[in-house]
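# Summary of structural features
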Amino acid sequence: MYLTLSDLISDIVQNSIEANSSKITLEVEENQTGVKVLIQDNGNGMSKETLEKAQNSFFTDGTKHPKRNFGLGLPLLIQTVKQTEGEYQITSELGKGTSVYAFFNLANKNTPPLGEVANLFRQVLSFTGNFDMTIIRKKNTESEQLNYQLKKSEIVNVLGCLENAKNLELLGHFLTSQEKESSIQ
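Residues numbered from 1 in each chain as written. Predicted model: local features only at pLDDT ≥ 70, side-chain atom pairs only at ≥ 80, totals over all residues. Heavy atoms only, no water.

As a further point, take empty space enclosed by the protein. This model, assessed by the stated rule, comprises one cavity of 30 Å³ or more. Its boundaries defined by the atoms lining it, the largest cavity holds a volume of some 50 Å³. Elements represented by at least two residues in the lining of the largest cavity include exactly helix H1 (5-18), strand S2 (34-41) and strand S4 (97-105). The residue inventory of the lining of the largest cavity, partitioned by class, reads nine nonpolar, no polar and no charged. (1 Å grid on protein atoms, 1.4 Å probe; cavity = no way out; pocket = protein on both sides within 12 Å on 5 of 7 lines; lining within 4 Å. Points joined across faces, edges and corners; volume = space filled by probe spheres on them. Helix = DSSP H or I, 4+ residues; strand = E, 2+ residues; numbered from the N terminus. Nonpolar A, V, L, I, M, F, W, Y, C, P; charged D, E, K, R; others polar.)

Given below as structure tokens:
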């Protein structure tokens with residue numbers, strides 16, 4: 001199992017990039033009962049047969065990692081969801097893209113912590129590839145209310161690029177401020 005849900009989310013986003021997606025949406029929503037995650041892309045997609053096989057950790061299509069004969073992203077997502085009494089839905093259409101939805105039950109003692117959301121967002125925004133990403137963040141708990149949206153293309157327009165340490169540091173500060181800006185103290 002992953003150390004945090006953010007680690008798991010990052011891995012699934014990486015799958016979207018490796019599937020030649022030009023547009024990816026990542027939505028992370030927290031409330032009193034759980035964490036909802038939705039990752040949608042317009043990448044290569046999978047046939048029904050491939051999607052079924054991809055949910056098995058001993059399957060790989062052999063193209064992303066030619067010397068590896070297993071894939072862990074989706075199987076670990078499914079395992080984590082089941083261990084936390086959550087739910088998931090994965091849909092995909094060949095040539096059109098994939099949608100991965102997961103709900104992690106915070107009341108379950110096996111649910112890993114979400115992790116640092118600002119760091120997650122900085123990491124996935126800085127992944128290399130020719131894609132735009134929309135991030136939607138919502139949080140509705142007794143102590144915090146958050147609701148913001150970011151686009152990678154807009155951030156790149158402001159910073160110039162996401163490949164150098166200074167810009168990544170600025171991005172990190174910005175994302176951290178977004179996580180604190182709407183909090184109710």
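Still more ground to cover, so stick around.
Let us look at the sheet that holds strand S5 (residues 132-140). Judged by pairing direction, the sheet is mixed, and its six strands sit side by side in the order S3-S4-S2-S1-S5-S6 without closing on themselves. Whereas interior strands pair on both sides, the edge strands pair on one side only; in this sheet they are strand S3 (87-93) and strand S6 (145-151). Each strand of the sheet is rotated relative to its neighbour by a mean of 5°, with strand direction disregarded. Both strand S1 (residues 23-31) and S5 contribute to a ladder of nine bridges, which runs parallel. If you follow Glu27 over to S5, its bridge partner there is Ile136. This element, H1, spans S1, S2, S4 and S5 of the sheet and lies at about 10° to S2. (Pairing = 2+ DSSP bridges. Axes fitted to C-alpha atoms, helices over the stretch in contact; angles between N-to-C directions. Contact = heavy atoms within 4.5 Å.)

Among the secondary structure elements, Lys139 is positioned in strand S5. A polar contact of 2.5 Å, which involves the side chain of Lys139, links it to the side chain of Glu144. If we skip the residues at most four places from it in the chain, Lys139 touches Glu30, Glu144, Gln145 and Leu146. (Polar contact = N/O pair within 3.5 Å; in protein donor to acceptor, adjacent residues only side chain to side chain.)

Mapped onto the secondary structure, Glu144 falls in the loop between S5 and S6. In the structure, Glu144 is positioned 114 residues away from Glu30 in sequence and 9.8 Å away in space, judged by C-alpha atoms.

What follows covers the nonpolar core. The biggest cluster of nonpolar side chains holds 41 residues, and the ones touching the most others in it are Ile9, Val13, Leu26, Leu77 and Phe121. In contact with Leu26, other than residues within four places in its own chain, are Ile9, Val13, Val37, Leu38, Ile39, Phe121, Val124, Thr134, Ile135 and Ile136. (Core = buried A, V, L, I, M, F, W, Y, C linked by side-chain atoms within 4.5 Å. Buried < 20%, exposed > 50% of the residue type's maximum accessible area, 1.4 Å probe, protein only.)

Residues shown with low pLDDT carry predicted positions that ought not to be read at fine detail. For the chain, per-residue confidence averages 88 on the pLDDT scale, and residues scoring 70 or more make up 87% of the total. The low-confidence segment residues 64-71, where pLDDT is below 50, has 14 contacts with residues more than four positions distant or belonging to other chains. (pLDDT = per-residue confidence, 0-100.)

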